[in-house]
Amino acid sequence: MTGRKARELWGGHFDADPAPLMTRINASIDVDRRLWREDLEGSRAHARMLAACGILSEEEVKAILAGLDTIAREIEEGRFKFRPELEDIHLHIEARLIELVGEPGRKLHTARSRNDQVATDLRMWVREACLRADRLLRELQRVLLDRAEEHHATIMPGFTHLQAAQPVTFGHHLMAYVEMFGRDRSRLADTRARLDECPLGACALAGTGFPIDRRMTARALGFARPMRNSIDAVSDRDFALDYLASAAICAVHLSRLAEELVLWSTPQFGFVRMSEAFSSGSSIMPQKRNPDAAELVRAKSGRVMADLERLLVVLKGLPLAYSKDLQEDKEAVFDAADTLELALAVTREMIKGMQLFPERMRAAARCGYITATDLADWLVREKKVAFREAHGIVGRVVRLAEERGVELDQLTLEELKKVDPRLDAAAREVLTLERAVASRRSEGGTAPERVREAVFEARRRYLEEEGAAGEGAA
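Let us look at the structure shown here. (Residues numbered from 1 in each chain as written. Predicted model: local features only at pLDDT ≥ 70, side-chain atom pairs only at ≥ 80, totals over all residues. Heavy atoms only, no water.)

A few points about the overall build of the protein
And then number 1: The helix and strand tally for the protein stands at 21 helices and six strands.
And then number 2: Relative to the globule expectation of 23 Å for 474 residues, the C-alpha radius of gyration of the protein, 30 Å, shows a markedly less compact shape.
And then number 3: Summarising its shape, the C-alpha atoms of the protein cover approximately 100 × 55 × 40 Å along the three principal directions.
And then number 4: The buried share of the protein, reckoned over its 474 residues, is 49%.
And then number 5: Across the protein, every contact between residues at least 6 apart in sequence was considered, and the portion connecting residues at least 24 apart equals 75%.
And then number 6: If you sum the accessible surface of the protein, you get close to 22,400 Å²; carbon and sulfur atoms cover 52% of it.
And then number 7: Across the protein, the mean location of the 72 positive side-chain charges is 2 Å away from that of the 77 negative side-chain charges. (Helix = DSSP H or I, 4+ residues; strand = E, 2+ residues; numbered from the N terminus. Rg over C-alpha atoms; globule rule 2.2 N^0.38 Å. Buried < 20%, exposed > 50% of the residue type's maximum accessible area, 1.4 Å probe, protein only. Contact = heavy atoms within 4.5 Å. Areas by Shrake-Rupley, 256 points an atom, 1.4 Å probe, with all protein chains shown as cover. Lys, Arg positive; Asp, Glu negative; His and termini not counted. Charge placed at Lys NZ, Arg CZ, Asp CG, Glu CD.)

Observations concerning the nonpolar core
And then number 1: By size, the foremost hydrophobic cluster in this structure holds 91 residues, and its most contacted members are Val-126, Tyr-243 and Leu-254.
And then number 2: Broken down by element, this core gets its largest block of residues, 15 residues, from helix α12 (residues 238–264).
And then number 3: When neighbours within four sequence positions are excluded, Tyr-243 is seen to be in contact with Val-126, Ala-129, Cys-130, Leu-188, Thr-191, Val-333, Ala-336, Ala-337 and Leu-340.
And then number 4: In this structure, Tyr-369, Leu-375, Trp-378 and Val-385 belong to the second largest nonpolar core, which totals 22 residues. (Core = buried A, V, L, I, M, F, W, Y, C linked by side-chain atoms within 4.5 Å.)

Focus on the pattern of salt bridges
And then number 1: A full pass over the atoms with the stated rule returns 42 salt bridges.
And then number 2: Among the ionic pairs, Glu-77 bridges to Arg-79, the shortest N-O distance being 2.8 Å.
And then number 3: Here Glu-197 makes a salt bridge to Arg-228, at a shortest N to O gap of 2.6 Å. Residue Glu-197 is found in strand β3 (residues 197–198), and its partner Arg-228 is found in the loop between β4 (225–226) and α11 (230–235); the two are separated by 31 residues along the sequence.
And then number 4: Assessed through its relative accessible area of 14%, Glu-197 is described here as buried.
And then number 5: Counted as one network, the salt bridges with shared partners bring together Glu-179, Glu-457, Arg-460 and Arg-461. (Salt bridge = Lys/Arg side-chain N within 4 Å of Asp/Glu carboxyl O.)

Topic: helix α5 (residues 58–76)
At 3.6 residues per turn, the α-helix brings residues three or four places apart onto the same side.
And then number 1: Here α5 is 19 residues long and its end C-alpha atoms lie 27 Å apart, about the 27 Å a rise of 1.5 Å per residue gives.
And then number 2: Along α5, the residues classified as buried are Glu-60, Val-61, Ile-64, Leu-65, Gly-67, Leu-68, Ile-71, Ala-72, Glu-74 and Ile-75.
And then number 3: On the buried face of α5, the contacting elements are α4 (36–52), α6 (89–101) and α7 (103–107).
And then number 4: Gly-78 lies just past α5 and shows a positive phi near 75°. (Expected span 1.5 Å × (residues − 1).)

With respect to empty space enclosed by the protein
And then number 1: Within the structure shown, the criterion is met by three cavities of 30 Å³ or more.
And then number 2: In this structure, the largest cavity spans a volume of roughly 80 Å³.
And then number 3: Every residue lining the largest cavity is listed: Ala-365, Arg-366, Tyr-369, Ile-370, Thr-371, Glu-407, Leu-408, Asp-409, Leu-431 and Leu-433.
And then number 4: Per-class residue counts for the lining of the largest cavity are six nonpolar, one polar and three charged. (1 Å grid on protein atoms, 1.4 Å probe; cavity = no way out; pocket = protein on both sides within 12 Å on 5 of 7 lines; lining within 4 Å. Points joined across faces, edges and corners; volume = space filled by probe spheres on them. Nonpolar A, V, L, I, M, F, W, Y, C, P; charged D, E, K, R; others polar.)

Concerning the packing of aromatic side chains
And then number 1: On inspection of all chains with the given rule, the structure shows six aromatic pairs.
And then number 2: Through a chain of ring-to-ring contacts, three or more aromatic side chains come together here, namely Phe-159, Phe-269 and Phe-271.
And then number 3: Taking the ring centre of Phe-223 as reference, the NZ or CZ of Arg-127 above it sits at 4.6 Å.
And then number 4: For Arg-132, the ring lying beneath its charged end belongs to Trp-125, and the centroid distance is 4.9 Å. (Phe/Tyr/Trp six-rings, centres within 6.5 Å; stacked < 30°, edge-to-face > 60°. Lys NZ or Arg CZ within 6 Å of the ring centre and 35° of its normal.)

Side note on the layout of surface pockets
Any space left empty among the atoms is revealed by the rolling of a water-sized probe across them.
And then number 1: The volume enclosed by the largest pocket comes to roughly 410 Å³.
And then number 2: The wall of the largest pocket is formed by 15 residues, among which Phe-159, His-173, Tyr-177, Arg-256 and Glu-260 lie closest to the centre.
And then number 3: Looking at the lining of the largest pocket, the elements that each hand over two or more residues are β1 (155–160), α9 (170–194) and α12.
And then number 4: Tallied by class, residues from the lining of the largest pocket come to nine nonpolar, three polar and three charged.

Here we look at helix α13 (residues 292–315)
And then number 1: Between its terminal C-alpha atoms α13 stretches 35 Å, which fits the 34 Å expected from 24 residues at 1.5 Å a residue.
And then number 2: Inspection of α13 places Ala-293, Ala-294, Val-297, Ser-301, Val-304, Asp-307, Leu-308, Leu-311 and Leu-315 among the buried residues, and these make up the whole buried set.
And then number 3: Elements in contact with the buried residues of α13: α12 and α14 (329–353).

Description of the packing of α5 against α6
And then number 1: Contact geometry for α5 and α6: axes closest at 9 Å, N-to-C directions at 120°. Relative to α6, the element α5 lies oblique. For α5 against α6, the interelement crossing comes out right-handed. On the side of α5, the interface is formed by Ala-63, Ile-64, Gly-67, Leu-68, Thr-70, Ile-71 and Glu-74, while α6 contributes Ile-93, Arg-96, Leu-97, Leu-100 and Val-101.
And then number 2: Considering only residue class, the contact of α5 with α6 consists of eight nonpolar, two polar and two charged. (Axes fitted to C-alpha atoms, helices over the stretch in contact; angles between N-to-C directions. Parallel < 35°, antiparallel > 145°, perpendicular 65-115°, else oblique. Left-handed = near helix turned anticlockwise from the far one by under 90°.)

Some words on the environment of Ala-321
And then number 1: Locating Ala-321 in the fold gives a position in the loop between α13 and α14.
And then number 2: The exposure class of Ala-321 is buried, given its relative accessible area of 9%.
And then number 3: Sequence separation of Ala-321 and Arg-366 is 45 residues, and the distance between their C-alpha atoms is 63 Å.
And then number 4: Leaving out residues up to four positions away in the same chain, Ala-321 has contacts with Leu-205, Ile-231, Val-234 and Ser-235.

Here it is in structure tokens:
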């Protein structure tokens, strides 16, 4: 189709075709062709509504629906011709529909605009993107819960400032990510709830004088209601920002987990070994086993965050209502969705396939005097010592162990008593890793029995059917 033929769809008062450079900068079909299913679904709903309101005849709608079905088959089978001069997916479908069915195709655009079309299409696409991400998060939680239950009593060092702090279990550590991803699911659910309004029928910006039924099209497209203000309907993309913000936060959580996988898989840590399926070697160093998949998940988080920033910048200076700047919304959304969904799937498989070395974790937990807090707590609990005084006493015990080059539980009873006579034989018992971990029975604590309870409760909250699609993620 020539530029002049394409111009017939919108440029009745134009004499000249667009310049080639204008066609290049104006066309979005390479990006928004992904909206073809949503655009066809919206067109079907709009056509049926026009017939129900007496604006189109039943025969015209029948022809339109048949033409739209033909277009769907052509796109699915790769026979549909995409042309830059037709700018976007909406004009492509409309132009092809006119070729197929003639005059009824020309009437389909009655009481709508590309402005409300694209806002509706993108809302529908983002709604599905939220559901896809939720399903992937749910499966990632399932894998994390399986590994957490398997290692509910496996002792490892817990860290603050990346320094050994207190002993925890590996299951407890993984459960932290289960909760993070649960909040990610709740944010996606909130996004879906807020976008559950339909722009279709807002037209260019002011609504229409035709007697349309916006509630009919909203219901047909799975929305709860029409949007309440026609200017808002075509001009804002906060639903896309909601999705991008949720995706960015989720990507940060994935990045933090990926960073730990990278650290844990080093020989210096040796806590895990990544499967060969998600590792790579070196072209020069034959011994290398690089956690490239985890590194890429870590890196791709920045890409998702940049997509959020990208759309924020597009929107920040736009007057109401629609401006062509909004054409730039889709590339950021599509890229973020593709990146996030890939990272979620890869992380799930990495967690599922990694090999753990509990003995290395336990050995690391014996370094760094990480039962010192337990000794201070014992002084408070058993000897009624004020915590600040207990803190000072145990600080002197740690210094003695450092001078001796031993761990706390390797100090003799006589050495402990020289620091403070209240440190008796019972004090030495609290210095074992198992005792320290088992004592953390407070709600949300790392005691193995608490971890198993947390796994059971999280399975109920996140994985049961009523917990699907984010309902149990609040």
